[in-house]
Amino acid sequence: MTVEELIIYGKQFVHSTHAKMILADLLGVNSLELLNYLKQKVEEEIVNNYKQRINALKEKKPIQYVIGNVNFYGNQFKVNENVLIPRFETEELVENTLNYIEEIFPSNNLKVIDLGTGSGCIGITLKKKNSLLDVTLLDISKEALEVAKENATNLQTEVTLIQNDMLENLIDKYDVIISNPPYIKENEEIEEIVKNNEPHLALYAGIDGLDCYKKILKEAPNHINDKFLIALEIGESQKEDIIRLAEEIFPNAVMDSKKDLQGRDRMIFIYQK
Ligand code: GLN
């Protein structure tokens, strides 16, 4: 079959943009370049692979898992069912954190830990943006860490990887703790496509969705230096609860919250200069 025929085939089942994205990815070109090859014949093996992927998409798999990678802050990250699909809001968490780092710390040789790193998108992006940072990626899931490791290698970033349950029993101290932990309430309604495909370990965090924040904040004092920054992505209704928790543990720290581009409270920064 030709490129054109394959696009027409795909369009019967899924959105044409998605059909083109899948084919372009398989052929190693971008969706626009694809249009230069419309009459070209495609190898049997790629045709079969394409049809399987169209089918997976038709069966309501997220496009990011079907293609197997996603763009985050300008870099391609591999993703699969073992990791959460990186979201736009998380790019904002990274961007704001880079600004806070500059504001809070006079030097650049900082130790940073990304808790619940998943694909590694947060920690790897920080390292790419500021190569002087000493970055550790941590996750409880071995399978997630394998993805993070592959991403670190593909993107040529030197990072340390640790399999652990948050900060429990770690010895090192850090200047920056950053995390986009699971924060959905056990009984909360979420989109079907998310619930049916993304790892529940990365989504749910107890009855009030606060389990991971409680764990991070409780353990943090033993794992941070005098000057520190804790940067957290949060659910839009969790700001007050998390600030209250943080104030009990860090009565002298500054607490800022930030809204995402859609105007929802989605980030908290706790720091001491
Ligand atoms: N840190 C990863 C991300 O931001 C994974 C987050 C998670 O699994 N809760 O995408």
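Fair warning: this is a prediction, and the values are worked out from it, not measured in the lab.

Visitor: Explain unusual backbone geometry to me, and be specific about the residues and the numbers.
Guide: The backbone of K60 shows a phi angle near 70°, a positive value even though the residue is not glycine. Owing to a relative accessible area of 61%, K60 belongs among the exposed residues under this scheme. If you check the backbone angles, Q156 has positive phi at about 50° while not being a glycine. Locating Q156 in the fold gives a position in the loop between α7 (142-154) and β5 (160-163). On the basis of relative accessibility, which here comes to 74%, the residue Q156 falls in the exposed class.

Visitor: Go over the state of the cysteines, please, and point to the residues and values.
Guide: If you walk through the whole model with that rule in mind, you get 0 disulfides. As a non-bridged cysteine, C121 has C212 as the owner of its nearest cysteine sulfur, 16 Å distant.

Visitor: Can you tell me about the pattern of salt bridges, naming the residues and giving the values?
Guide: Within the structure shown, the criterion is met by 19 salt bridges. Two residues, K39 and E4, come together in a salt bridge whose shortest N-O distance is 2.5 Å. You can see K39 sitting in the loop between α2 (16-27) and α3 (44-58) and its partner E4 sitting in helix α1 (residues 3-11), a full 35 residues away along the chain. The exposure class assigned to K39 is exposed, which follows from its relative accessible area of 66%. Using a relative accessible area of 30% as the deciding quantity, one classes E4 as partly exposed. Of the charged contacts in the structure, one is a salt bridge between E103 and K273, with a shortest N-O distance of 3.5 Å. With E103 in helix α5 (residues 88-104) and K273 in the segment after β9 (265-272), this residue pair connects regions lying 170 residues apart in the sequence.

Visitor: A description of the sheet that holds strand β3 (residues 111-115) should follow, citing residues and the corresponding values.
Guide: Pairing in this open sheet of 7 strands is mixed, and the strands run β5-β4-β3-β6-β7-β9-β8 from one edge to the other. In the strand order of this sheet, the two ends are held by β5 and β8 (254-259), each with one partner. Taken pair by pair, the neighbouring strands of this sheet meet at an average axis angle of 15°, ignoring direction. Across 6 bridges, the pairing between β8 and β9 is antiparallel. Each bridged residue has a counterpart across the sheet, and for M255 the counterpart in β9 is I270. Running over the sheet, α7 touches β4 (134-139) and β5 and is turned about 170° from β5. Seen against the sheet, helix α10 (residues 211-219) touches β3, β6 (174-179), β7 (224-233) and β9 and runs at an angle of roughly 170° to β7.

Visitor: Tell me what's going on with the side chain of N197, and back it up with residues and numbers.
Guide: Considering the arrangement of structural elements, one finds N197 in the loop between α8 (192-195) and α9 (200-203). Since its relative accessible area comes to 10%, N197 is described here as buried. From its side chain, N197 meets the backbone oxygen of K60 in a polar contact 3.2 Å long. Polar contacts involving the side chain of N197 include one to the main-chain carbonyl oxygen of I193, which spans 2.9 Å. Not counting residues within four places of it along the chain, the set of residues in contact with N197 comprises K60, K61, P62, Y65 and E81.

Visitor: Please give an account of the site of the ligand that cites residues and values.
Guide: Near the ligand you find L84, P86, T90, G116, T117, C121, I122, N180, P181, P182 and A202, and these make up its full shell. The separation between a nitrogen atom of the ligand and a polar main-chain atom of N180 is 2.9 Å. Taken together, the residues that form the shell around the ligand break down as 7 nonpolar, 4 polar and no charged.

Visitor: Can you explain the layout of surface pockets? Please cite residues and give values.
Guide: The volume enclosed by the largest pocket comes to roughly 1,000 Å³. Class assignment for the residues of the lining of the largest pocket results in 19 nonpolar, 8 polar and 14 charged. Here the second largest pocket defines a volume of roughly 510 Å³. If you trace the second largest pocket, you find 33 residues lining it, with G116, D139, P182, L201 and A202 closest to the centre. Put simply, the parts of the chain that give the lining of the second largest pocket at least two residues each are α6 (121-129), β4, α7, α9 and α10. Of the residues contributing to the lining of the second largest pocket, the split by class is 19 nonpolar, 9 polar and 5 charged.

Visitor: Explain the pairing of β9 residue by residue, including any values.
Guide: Most of β9 is tucked away: 7 of the 8 residues are buried. Strand direction decides the pairing type here: β7 and β9, joined by 6 bridges, are antiparallel. Paired with I230 across the strands is I270, a residue of β9. In this antiparallel pair of consecutive strands, β8 and β9, the connection spans 5 residues, and G263 shows a positive phi of 80°.

Visitor: Pulling in residues and values, what's your account of a negative patch on the surface?
Guide: A surface patch of negative charge is lined by E188, E189, E192 and E236. Position of E189 among the secondary structure elements: in the loop between β6 and α8.

Analysis parameters
Residues numbered from 1 in each chain as written. Predicted model: local features only at pLDDT ≥ 70, side-chain atom pairs only at ≥ 80, totals over all residues. Heavy atoms only, no water. Buried < 20%, exposed > 50% of the residue type's maximum accessible area, 1.4 Å probe, protein only. Helix = DSSP H or I, 4+ residues; strand = E, 2+ residues; numbered from the N terminus. Disulfide = S-S within 2.5 Å. Salt bridge = Lys/Arg side-chain N within 4 Å of Asp/Glu carboxyl O. Pairing = 2+ DSSP bridges. Axes fitted to C-alpha atoms, helices over the stretch in contact; angles between N-to-C directions. Contact = heavy atoms within 4.5 Å. Polar contact = N/O pair within 3.5 Å; in protein donor to acceptor, adjacent residues only side chain to side chain. Near = heavy atom within 4 Å. Nonpolar A, V, L, I, M, F, W, Y, C, P; charged D, E, K, R; others polar. 1 Å grid on protein atoms, 1.4 Å probe; cavity = no way out; pocket = protein on both sides within 12 Å on 5 of 7 lines; lining within 4 Å. Points joined across faces, edges and corners; volume = space filled by probe spheres on them. Patch = residues over 30% accessible without salt bridge, like charges linked within 9 Å, V, L, I, M, F, W, Y side chains within 5 Å. Areas by Shrake-Rupley, 256 points an atom, 1.4 Å probe, with all protein chains shown as cover. Lys, Arg positive; Asp, Glu negative; His and termini not counted. Charge placed at Lys NZ, Arg CZ, Asp CG, Glu CD.

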